[in-house]
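Fold and contact review
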Amino acid sequence: MNNLKGLSRHRYRVIQTRYISITTSTCTSNSKLVLTLQNGNGRHTGTKLLPFLHSLIQLCAKGRQPIKGKACHAQVITLFGLKSDTLTSNMLINMYAKTELLDSARKLFDQMPDRTLVSWNTMITAYAKNGEEQKALLLFLEMQREGNPFTEFTLTSVVCASSAKKDSYVCKQLHASAVKALVDTNSFVGTALLDFYAKTGLIQDAIRIFESIPERSDVTWSSMVAGYVKNELFEEALALVFSSEAQPLGLLCNHFIISSVISACAGLATLIEGKQLHSIVCKSGFASNNYVASSLADMYAKCGSVKEAYATFVDAEGTNLVLWNVMISAFAKHSHSLEVMILFEKMQQVGLRPDEVTYVAILSACSHSGLVDTGRSYFNLMRTQHNILPNVVHYSCMVDILYRAGLTNEAHELMKNMPFPATASMWGSVLASCRNHRSLELAETAAKILFEMEPDNAGNYVLLSNAYAASEKWKEVAKTRKLMKENEVRKEKGKSWIEIKNTVHTFMAGEQMHPRTADIYVELDKLLEEMEKLGYKCETEYELHYVDEDRKRELLRQHSEKLALVFGLMCLPPTVPIRIMKNLQICGDCHSFMKLASSITRREIIVRDVNRFHHFRNGCCSCRDFW
């Protein structure tokens, strides 16, 4: 037998029996696979050859060598005919599945006269592992219709395959099948089910599954933590990992769980806990793991520490595209457009090809920096140089770039000529731009479309109301607020939070419940008095309620980010940057306030709002007043 590199452990091997001799050797890579059969009576003795053929088929599967696998199949047909024994057929199906020849595997499966449970499991798993989720589910249903019993292995494969579809109905049907078969508390089945529920947003069902599993593996814990993070229940994820039940298990020695926990810290912007996890990562030897490094870089970036994010990126020394995309996105969120472009060029120099995610990040950077021509250039480059067709997110970024710059006609033409309908995100960009450009007719058109597309999104009502208020159309403002109330749409209240000594303090606009409220307002008035001496004037045009000027100034004074800043100044050492997170976009008055505060207090102030980061230093902001 020629060309068996990777198929036999020895370079030269001879198997000798009374009736047959088989010679195998490793020759040139272009040689064909040949079986030499010698028989004293001039007849093949298949039963003596079968064990050796089984070994070869398994080695072909392990080595992912389809041509050699087909040659083995040909020898099986030569010796035994089209209908070989069940064991051999199962091995061949497995070989075809692992070499991604699913049609050949299914053809062989359909030809089998007496299919066993192993046959069904092998074929279902083949579909599941090769992205054919629907075929895996249909084959499982066929298996049930024929009355064939299934095991936890079968169900686990089907659940894992179906989870990609994120269909809650399918999930519950499979769960019911697991209950009927009494395997719902099996570790493998339960883990697959809780992962399925978490991906479909049914996190409470996932929790119930998790609690019902008597013997939880690391994968079970990892899936539950990841489920919390995916559903933005970051505090619950941290509480689970650091619970008394989890501590003895040493879960933080698992790099999948560490990645999820770091992502939870990123979601909460808890830098102190994030740094502690970074220390654990270094001690555990996971710092070079690309997934962990990506999570760390993302965490530092979302906590406002873009320098530490970049240091983590450099230390990883990886050529993983995910890691590079995380870093490029981090620079984009922090308004470092030049660094975005430099890193974009460097990634290509190290042999990495930009993908769709890379271009989303770079177009987003152009949008936040007002780089219209640069944005156009990159939008064209992705097609001409990298053969990437722009998807709906790329178009959305480009529309945002144009509308922010006031290029209404060009943006409208781009939306009209797209290969797909305009999304809510695009119309949101249109509506948001109308306030600055005083385009009330366009605002009304965009709002009407958005009310139909997103009837429960209060932000669209607020944007329309703001557009009217900016033009002092108070009757229209009142009508919009009334319509919002009639449709029972609730506006999200503005809030900001800041971490002080491992404790997160949250402030609402007009906060009165914080234990140090009185002290905060006293210090705030002192700071405002000092600012006014330097020429600060409250920008009341950003307060869009129909009230007198004094009331507008009072409402702006009570904005949550101002209260969080003053509390940070009261509690944090002078050399420590003040990091504030906000759930809405920062208003123009608060932006001016932060710039002057950074100059007076000589502190670095970092504000993460819903869209991006603002770094205030020495009276200036990293966004260059474009946001």
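Residues numbered from 1 in each chain as written. Predicted model: local features only at pLDDT ≥ 70, side-chain atom pairs only at ≥ 80, totals over all residues. Heavy atoms only, no water.

**Some thoughts on the overall build of the protein**
Rules: Helix and strand assignments come from DSSP, with helices taken as H or I runs of at least 4 residues and strands as E runs of at least 2, each series counted from the N terminus. Only protein chains enter the accessibility calculation, which uses a 1.4 Å probe. A residue is then buried if its area is under 20% of the maximum for its type, exposed if over 50%, and partly exposed in between. In this description, contact between two residues means that some pair of their heavy atoms is separated by no more than 4.5 Å. Residue exposure ignores everything except the shown protein chains as possible cover, and the areas themselves are Shrake-Rupley values with a 1.4 Å probe. Only four residue types enter the tally: Lys and Arg on the positive side, Asp and Glu on the negative side; His and the chain ends are excluded. Lys charges are placed at NZ, Arg charges at CZ, Asp charges at CG and Glu charges at CD.
Within the protein, the secondary structure is distributed over 30 helices and nine strands. Here the C-alpha coordinates of the protein stretch approximately 110 × 55 × 50 Å along the principal axes. When burial is assessed residue by residue, the protein has 48% of its 627 residues classed as buried. In the protein, 61% of the contacts between residues at least 6 apart in sequence involve partners at least 24 apart. A total of about 31,500 Å² of accessible surface is found on the protein, and carbon and sulfur atoms cover 51% of it. The centroid of the 71 positive side-chain charges in the protein is displaced by 8 Å from the centroid of its 64 negative side-chain charges.

**Quick look at helix α28 (residues 549-557)**
We apply this condition: What the arc describes is the spread of directions from the helix axis to the C-beta atoms.
Among the residues making up α28, those that are buried are K552, L556 and R557. The buried side chains of α28 occupy one side of the element, clustering within an arc of 135° when seen end-on. Where the residues of α28 are buried, they touch α26 (474-486), α27 (517-533), α29 (560-571) and α30 (588-601).

**Comments concerning unusual backbone geometry**
Phi is positive for N387, which is not a glycine, with a value near 55°. Residue position: N387 is located in the loop between α20 (372-384) and α21 (392-404). Phi is positive for R602, which is not a glycine, with a value near 55°. Mapped onto the secondary structure, R602 falls in the loop between α30 and β7 (605-608). Overall, R602 belongs to the exposed group, its relative accessible area being 75%.

**Structural notes on the confidence of the model for the protein**
To be explicit about the condition: The predictor attaches a confidence to each residue, and that confidence, scored 0 to 100, is pLDDT.
Looking at the protein as a whole, the pLDDT averages 83, with 90% of positions reaching at least 70. By mean pLDDT, the top-scoring element of the protein is α29 (95), and the lowest-scoring one is strand β1 (residues 12-16) (34). Low pLDDT (under 50) marks residues 1-45, which in the prediction has 80 contacts with non-local residues, meaning those over four places away or in another chain.

**Concerning the pairing of strand β4 (residues 495-500)**
As a reminder of what qualifies: Any two strands are treated as partners once DSSP identifies two or more bridges connecting them.
Taken across its six residues, β4 has five buried, putting it largely inside the fold. Bridge analysis of β4 against strand β5 (residues 503-508) gives six bridges, and the strand direction is antiparallel. Across the sheet, the residue bridging to I500 is T503, located in β5. With two bridges joining them, β4 and strand β6 (residues 578-582) adopt antiparallel strand pairing. For W497, the partnering residue across the bridge sits in β6 and is M581.

**Describing the environment of I258**
By the element assignment, I258 lies in helix α13 (residues 255-268). A relative accessible area of 1% means that I258 is categorised as buried. Considering only alpha carbons, one finds I258 and A192, 66 residues apart in sequence, at a separation of 20 Å. Those residues in contact with I258, other than ones at most four positions away along the chain, are L252, I280, V281, F286 and V292.

**Here we look at the state of the cysteines**
Cut-off, in case you're wondering: The disulfide criterion used throughout: a pair of cysteine sulfur atoms within 2.5 Å.
Tallied over the full model, the rule gives zero disulfides. Left without a disulfide partner, C265 is nearest to the cysteine sulfur of C303, which lies 7.3 Å away. C265 gets classed as buried once you look at its relative accessible area, which sits at 1%. With no disulfide partner, C397 has as its closest neighbouring cysteine sulfur the one in C366, 9.3 Å distant.

**Observations regarding helix α5 (residues 117-129)**
Applicable threshold: One less than the residue count of a helix, multiplied by 1.5 Å, gives the span that helix is expected to have.
In this model α5 runs 18 Å from its N-terminal to its C-terminal C-alpha over 13 residues, within 8% of the 18 Å that 1.5 Å per residue would give. Among the residues of α5, those classed as buried are S119, W120, N121, T122, M123, I124, T125, A126, Y127 and A128. Buried residues along α5 sit against α3 (86-98), α4 (102-111), α6 (133-145) and α7 (152-162). G131 sits one or two positions beyond α5 and adopts a positive phi of about 75°.

**Some points on the nonpolar core**
Going by this rule: For this analysis, a nonpolar core means a set of buried residues of the types Ala, Val, Leu, Ile, Met, Phe, Trp, Tyr and Cys, connected via side-chain atoms within 4.5 Å.
L155, L174, M224 and M299 are the most contacted members of the largest nonpolar core, which has 150 residues in total. The contact partners of L155, leaving out residues within four places of it in the chain, are F140, F150, L174, S177, A178, V183 and V189. In terms of nonpolar packing, the next biggest core, distinct from the first, is built from 31 residues, I498, F593, A597 and I600 among them.

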